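Examining the three-dimensional arrangement
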Amino acid sequence: LCTEFPRVGESSLTQSNCRAKGGAPGFKVAVLGAAGGIGQSLSLLMKINPLVSVLHLYDVVNTPGVTADISHMDTGAVVRGFLGQAQLEHALTGMDLVIIPAGVPRKPGMTRDDLFKINAGIVRTLCEGIAKCCPHAIVNLISNPVNSTVPIAAEVFKKAGVYDPKRLLGVTTLDVVRANTFVAEVLGVDPREVNVPVVGGHAGVTILPLLSQVKPPSSFTAEEISYLTDRIQNGGTEVVEAKAGAGSATLSMAYAAAKFADACLRGLRGDAGIVECSFVASQVTELPFFATRVRLGRGGAEEIFPLGPLNEYERAGLEKAKKELAGSIDKGVSFIRN
Ligand code: NAI
């Protein structure tokens with residue numbers, strides 16, 4: 001295969017000694033923040049996804065190296081790199097799916113909300129670009145605090161007159177991935193056989209694993225429920241502390257983001273029965289955004305499933321989650337409105 005790898009800045013140059021290629025069927029995907037801890041591994045995983053025909057890597061630093069490196073992989077996707085704000089529009093034009101892991105990660109002692117000041121502005125700028133260049137793309141938002149950055153993105157899209165709530169998806173897959181892993185450990189089974197719905201949001205007590213709805217149906221002692229809930233809610237902090245200042249989850253996050261992006265692409269292709277948890281505009285609770293299981297289709301999150309029956313422990317957790325979520329959502333909305 002002849003891989004296109006323009007020098008950064010020359011967004012669609014084809015190497016002169018490459019024969020013209022028919023263009024493999026597939027989707028066009030952009031990763032914004034592609035040179036970061038999550039971005040690099042995620043870009044690698046998207047390069048090996050057979051549903052991807054074109055992969056655009058955008059960052060404000062280091063995209064030339066990451067692009068050159070990834071473009072040498074002998075998989076179908078054509079890789080192009082884009083560096084700095086002046087190339088954002090080229091990076092976004094024509095994209096079907098835009099994945100955003102741009103922004104600063106946590107250090108020990110920080111909450112996700114501590115990232116708001118820096119990441120809110122980054123997400124606003126990137127979403128303004130999306131509104132202008134690929135308003136119909138599906139957006140997978142990873143940058144924290146997700147509970148606020150998704151409302152920020154929604155406000156930016158509304159302002160630009162292009163908001164489609166079905167196409168804006170906050171990525172909470174890592175919470176599900178962690179929950180599956182930790183529950184499988186407790187049950188002594190293969191994590192690939194476990195599915196734990198995780199609802200609410202993506203920070204501390206807003207991360208609400210529904211252990212009463214685990215598939216395959218399983219029962220847990222009160223002690224196990226308390227251990228699992230705490231570990232799932234604090235899985236991110238576990239990694240932040242272990243990395244001791246070197247960042248937050250990047251590898252497991254790239255895996256989770258690639259899993260979610262693949263589900264979105266299969267939905268775009270028209271596959272039936274694609275269901276994942278995601279933080280989306282929702283009427284499941286009184287809050288304007290909430291994470292629940294959603295069915296992914298050609299239009300994005302085409303169906304939002306209700307919470308299902310909750311036990312008393314989960315109902316108490318839900319009340320706590322909603323209280324914190326309400327504040328985080330307001331903070332995001334106000335950032336754009338005021
Ligand atoms: P990182 O610092 O390693 O990488 C971030 C990248 O974003 C850097 O390459 C940086 O140059 C780039 N960037 C900064 N400003 C930018 C802009 N204006 N436009 C484009 N790119 C820009 O951070 P890491 O570890 O990759 O984390 C990225 C984000 O993902 C953080 O906000 C982190 O909190 C979040 N995260 C979210 C998770 C989730 O479950 N949703 C899980 C783990 C992290």
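By the naming in an unreviewed UniProt entry, the chain goes by Malate dehydrogenase and is assigned to Spirodela intermedia. In its Sequence similarities (unreviewed entry) section, the UniProt entry covering the chain states "Belongs to the LDH/MDH superfamily. MDH type 1 family."

Another point: helix 10 (residues 312-337). Spanning 26 residues, helix 10 covers 37 Å between terminal C-alpha atoms, matching the ideal 38 Å at 1.5 Å per step. When helix 10 is considered as a whole, its buried residues turn out to be Glu314, Gly317, Ala321, Leu325, Ser328, Ile329, Gly332 and Phe335. The inward-facing, buried residues of helix 10 abut helix 4 (116-133), helix 5 (146-159), strand 7 (198-200), strand 8 (207-209) and strand 10 (289-297).

Let's shift gears to the pairing of strand 11 (residues 300-304). One ladder, built from four bridges, connects strand 10 with strand 11; its direction is antiparallel. The residue of strand 11 that forms the bridge with Leu296 is Ala301.

Counting residues in hydrophobic clusters, the biggest one holds 101 residues, and the most contacted among them are Leu97, Val98, Ile99, Ile100, Val139, Ala153 and Ala257. Among the elements that make up this core, the one with the highest residue count is helix 9 (residues 251-269) (ten residues).

The environment of the ligand is made up of 33 residues, and the closest members are Gly33, Gly36, Gly37, Ala102 and Asn144. Mapped onto the shell around the ligand, the elements with two or more residues apiece are helix 1 (37-47) and helix 4. Counting residues per element, the shell around the ligand draws most heavily on helix 4, which supplies four residues. For the shell around the ligand, the class distribution of residues is 18 nonpolar, 13 polar and two charged.

It is worth spelling out the pairing of strand 2 (residues 52-59) at this point. Each regular strand displays side chains that alternate between the two surfaces of the sheet. Summarising burial for strand 2: seven of the eight residues are buried, a large majority. In this sheet, strand 2 lies alongside strand 1 (residues 27-32) in parallel orientation, the contact comprising six bridges. The residue bridging Val29 from the neighbouring strand is Leu55, located in strand 2. Crossover connection from strand 1 via helix 1 to parallel strand 2: handedness right-handed. The pairing of strand 2 with strand 3 (residues 78-83) spans six bridges and is parallel.

Looking now at helix 8 (residues 235-243). Those residues of helix 8 that sit buried are Gly235, Gly236, Val239 and Val240. In an axial view of helix 8, the angular spread of the buried residues amounts to 140°, which keeps them on one side of the axis. When the buried face of helix 8 is taken as reference, the exposed residues oriented beyond 90 degrees from it are Glu238 and Ala242. Buried-residue contacts for helix 8 involve helix 6 (173-187) and helix 7 (222-233).

Once that is clear, we can look at the confidence of the model for the chain. Taken as a whole, the chain shows an average pLDDT of 94; of its residues, 93% reach a score of 70 or greater. Across residues 1-15, confidence stays below pLDDT 50; counting only partners more than four residues off in sequence or on other chains, it has 36 contacts. This prediction of the complex comes with two scores: 0.95 for pTM and 0.99 for ipTM.

Turning our eyes to something else, we now look at the packing of helix 4 against helix 5. Think of two packed helices as two axes; the pair is described by the angle between the axes and how far apart they sit. Put simply, helix 4 and helix 5 touch, their axes get as near as 9 Å, and they point 35° apart. Between helix 4 and helix 5 the crossing geometry is right-handed. Residue-level contacts link Phe116, Asn119, Ala120, Val123, Arg124, Cys127, Glu128 and Ala131 of helix 4 to Ser148, Thr149, Ile152, Ala153, Val156 and Phe157 of helix 5. Looking at the contact of helix 4 with helix 5, its residues break down into nine nonpolar, three polar and two charged.

It is worth spelling out the packing of helix 5 against helix 10 at this point. Helix 10 packs onto helix 5 with a crossing angle of 35° between their chain directions and a minimal axis gap of 7 Å. In this structure, helix 5 crosses over helix 10, and the sense of that crossing is right-handed. Along the contact surface, helix 5 presents Asn147, Ser148, Thr149, Pro151, Ile152, Glu155, Val156 and Lys159, while helix 10 presents Leu325, Ser328, Ile329, Lys331, Gly332, Val333, Phe335, Ile336 and Arg337.

The linkage connecting Asn144 with the following residue, Pro145, adopts the cis geometry, with an omega of -5°. With omega at -5°, the peptide bond leading from Lys215 into Pro216 counts as cis. One can find Pro216 in the loop between strand 8 and helix 7. Positive phi values are uncommon outside glycine, yet Asn62 reaches one of about 60°. Within the element layout of this structure, Asn62 appears in the loop between strand 2 and helix 2 (63-71). Here Ala244, not a glycine, exhibits a phi torsion of approximately 50°, which is positive. Take Ala244: it is sitting in the loop between helix 8 and helix 9. Residue classification places Ala244 among the exposed positions, given that 9 C-beta atoms sit within 10 Å.

What counts and how
Each chain has its residues counted from 1, running along the sequence as written. With the structure being a predicted model, the display of local features is reserved for residues of pLDDT at least 70 and the display and counting of side-chain atom pairs for 80 or more, all residues being used for whole-chain, interface and lining totals. UniProt positions are given in the numbering used here, feature names are shortened, and annotations may be inferred rather than shown by experiment. A helix here means a DSSP run of H or I that spans at least four residues, while a strand means a run of E at least two residues long, and both kinds are numbered starting from the N terminus. The length a helix should cover is 1.5 Å for every residue beyond the first. Residues with at least 20 other C-beta atoms within 10 Å of their own are called buried, those with 12 or fewer are called exposed, and the rest are partly exposed. The C-beta atoms themselves are positioned from the backbone. By the convention adopted here, residues are in contact when the distance between their C-beta atoms, placed from the backbone, does not exceed 7 Å. Between any two strands, pairing holds if DSSP finds at least two bridges. The term nonpolar core means buried Ala, Val, Leu, Ile, Met, Phe, Trp, Tyr and Cys residues held together as one set by C-beta atoms within 7 Å. Each residue receives a C-beta atom placed from its backbone. It is near a molecule or strand if this atom lies within 6 Å of it. Three classes are used, and their members are as follows: Ala, Val, Leu, Ile, Met, Phe, Trp, Tyr, Cys and Pro are nonpolar, Asp, Glu, Lys and Arg are charged, and the others, Gly among them, are polar. With the strands aimed away from the viewer, a crossover counts as right-handed if its path from the first strand over the helix to the second runs clockwise. This arc is taken over the directions from the axis of the helix to the C-beta atoms. Known as pLDDT, the predictor's per-residue confidence is scaled from 0 to 100. Note on geometry: axes are lines fitted to C-alpha atoms, helical ones only across the stretch in contact, with angles between N-to-C directions running from 0 to 180 degrees. Handedness of each helix crossing follows the sense of rotation of the near helix against the far helix: counterclockwise by less than a right angle gives left-handed, clockwise gives right-handed.

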